[in-house]
Amino acid sequence: MDGELAGEVYEELGEIWCLTFVRGVDGREALRRFGAFPETVAPRTLGELGDMRLSFDAGYPTVAAVAEVGGWAVVLEPDGFEAAHTLLEAVSVGSEAVSVLRHDYASDHFGHAVDGVLVTGFDPGWPGRRWGVEPDRHGVFSEEDDERDAAWALALAGRLAGGLPSLGALAEPWLSAEFDPWFTPARPTERLRGEGAELAAAVASAGPGELRAVAVAEVRRLAGLIGVADAPGLEEALRQAGEERFPGVPVDSALGGAVRGWLRLASQASWSLNVDQYRMSEGERQRGYLFGWFTAALRGALEPDPVAGAHAALSPLVKGPASLKDPAARAAAIERLRA
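Quantities reported herein were computed from a predicted structural model and do not represent experimental measurements.

*Asks:* I would appreciate a short explanation of the pairing of strand E1 (residues 16–23) in the present structure.
*Replies:* Summarising burial for E1: seven of the eight residues are buried, a large majority. For E1 and strand E5 (residues 96–103), the ladder comprises seven bridges, and the chain directions are antiparallel. If you follow threonine 20 over to E5, its bridge partner there is serine 99.

*Asks:* Mind showing me how you'd approach the packing of aromatic side chains here?
*Replies:* How two aromatic rings sit relative to each other is set out by the distance from centre to centre and by the angle between their planes. Applying the stated criterion across every chain, the model contains ten aromatic pairs. For the ring pair tryptophan 262 and phenylalanine 291, a centre distance of 6.1 Å and an interplane angle of 10° mean the geometry is stacked. Taken together, the residues span a long stretch of sequence, with tryptophan 262 in helix H10 (residues 254–272) and phenylalanine 291 in helix H11 (residues 282–301) at a distance of 29 residues. Here tryptophan 262 falls in the buried class, since its relative accessible area comes to 8%.

*Asks:* Just checking my understanding: could you explain the pattern of salt bridges for this structure?
*Replies:* Two side chains with opposite charge may pair up if their charged atoms get near one another. Evaluated as defined, the whole model comprises 20 salt bridges. Put simply, arginine 239 and glutamate 236 hold a salt bridge, and the shortest N to O gap is 2.6 Å. Of this pair, arginine 239 and glutamate 236 both sit in helix H9 (residues 234–242), three residues apart, which is roughly one turn of that helix. Take arginine 239: its relative accessible area is 35%, and that puts it in the partly exposed class. Owing to a relative accessible area of 35%, glutamate 236 belongs among the partly exposed residues under this scheme. The salt bridge involving glutamate 303 is made with arginine 299; its shortest N-O contact spans 3.4 Å. Here glutamate 303 falls in the buried class, since its relative accessible area comes to 6%. Taken together, the shared-partner salt bridges in this structure form one network comprising Glu236, Arg239, Glu243 and Arg245.

*Asks:* Explain the sheet that holds strand E6 (residues 109–114) here, please?
*Replies:* The nine strands lie next to each other as E2-E9-E3-E4-E1-E5-E6-E7-E8, forming an open sheet whose pairing is antiparallel. Edge positions in the open sheet fall to strand E2 (42–44) and strand E8 (130–131), since each of these has one partner strand only. Summarising the sheet, E2 and strand E9 (residues 174–178) pair through three bridges and their orientation is antiparallel. Opposite alanine 42, over in E9, you have serine 176 as the bridge partner. Along the sheet face, helix H3 (residues 46–53) touches E2, strand E3 (63–69), strand E4 (72–78) and E9 and points at about 160° away from the line of E3. Sheet strands touched by helix H4 (residues 82–91): E1, E4, E5, E6 and strand E7 (117–122). Its angle to E5, the strand with the most contacts, is close to 175°.

Basis of the calculations
- Residues numbered from 1 in each chain as written.
- Predicted model: local features only at pLDDT ≥ 70, side-chain atom pairs only at ≥ 80, totals over all residues.
- Heavy atoms only, no water.
- Buried < 20%, exposed > 50% of the residue type's maximum accessible area, 1.4 Å probe, protein only.
- Helix = DSSP H or I, 4+ residues; strand = E, 2+ residues; numbered from the N terminus.
- Pairing = 2+ DSSP bridges.
- Phe/Tyr/Trp six-rings, centres within 6.5 Å; stacked < 30°, edge-to-face > 60°.
- Salt bridge = Lys/Arg side-chain N within 4 Å of Asp/Glu carboxyl O.
- Contact = heavy atoms within 4.5 Å.
- Axes fitted to C-alpha atoms, helices over the stretch in contact; angles between N-to-C directions.

Structure below.
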């Protein structure tokens, strides 16, 4: 029965979705762990969420809906994948979480994390390739095993969590919200590679204090370039990071509101190119891209892990648009890190 229901849910949800099961929390707490915007929490049908997700005026928000099944909160990201690649470990802190991603245009994914640590992860299409601290906890597979799919992975998740949402539940309104991983403890995933090899080597050679100082200095430089250095709360947050204090940025704070606005502009710039091309001028779109780079760098500067934070904060020097790259700033960062 688990496999039959998993197959039905798999087909009903469409081509791209992520389901994440979080043990022992209610729906509101699960949404909070995803970085939900409090004033957007409300019951919505999955159709309404789909309309929000594709709305320029709403900012093409990342959305999630939650149901409660057998002591687990089941969080659905329609047309989304944050829990599969960014949020799973952070969501599992103090509990455990299992996620399944179906993505017909990329790769499916299964992950199981306990108290902030990834236990097992794999692509169902390559079940013999597994990672995590206990990669074989849910079975041993060889490279020669037949390909599986997200329906098989969903059945496995349902067995671990003790149940799946019914098809009838999918038609009902779910508690839902706009969210962004920026407002969670999830560790930044940006890495300096390729062209950034010299900068990455300098990061690897530096101590925590210099890593934080260089990350903060780079974000200050970027803030000046794009004209947001006087954003409310920004300088105080950077000062605290430089002093190795990381209280986080509340989503409903003044700086949180500014970050949400910047994230919204970045999302509109990215999504409108394919969905509502004429709602933004090319100049507006390019400025929106800058805010995408800036918010990622800022999140790095505010990250307690100095190495992960430095990689994220310094990435615009290597991978960003020409207006954010500066050979002199890059050379200065390398020199300071090596010193």
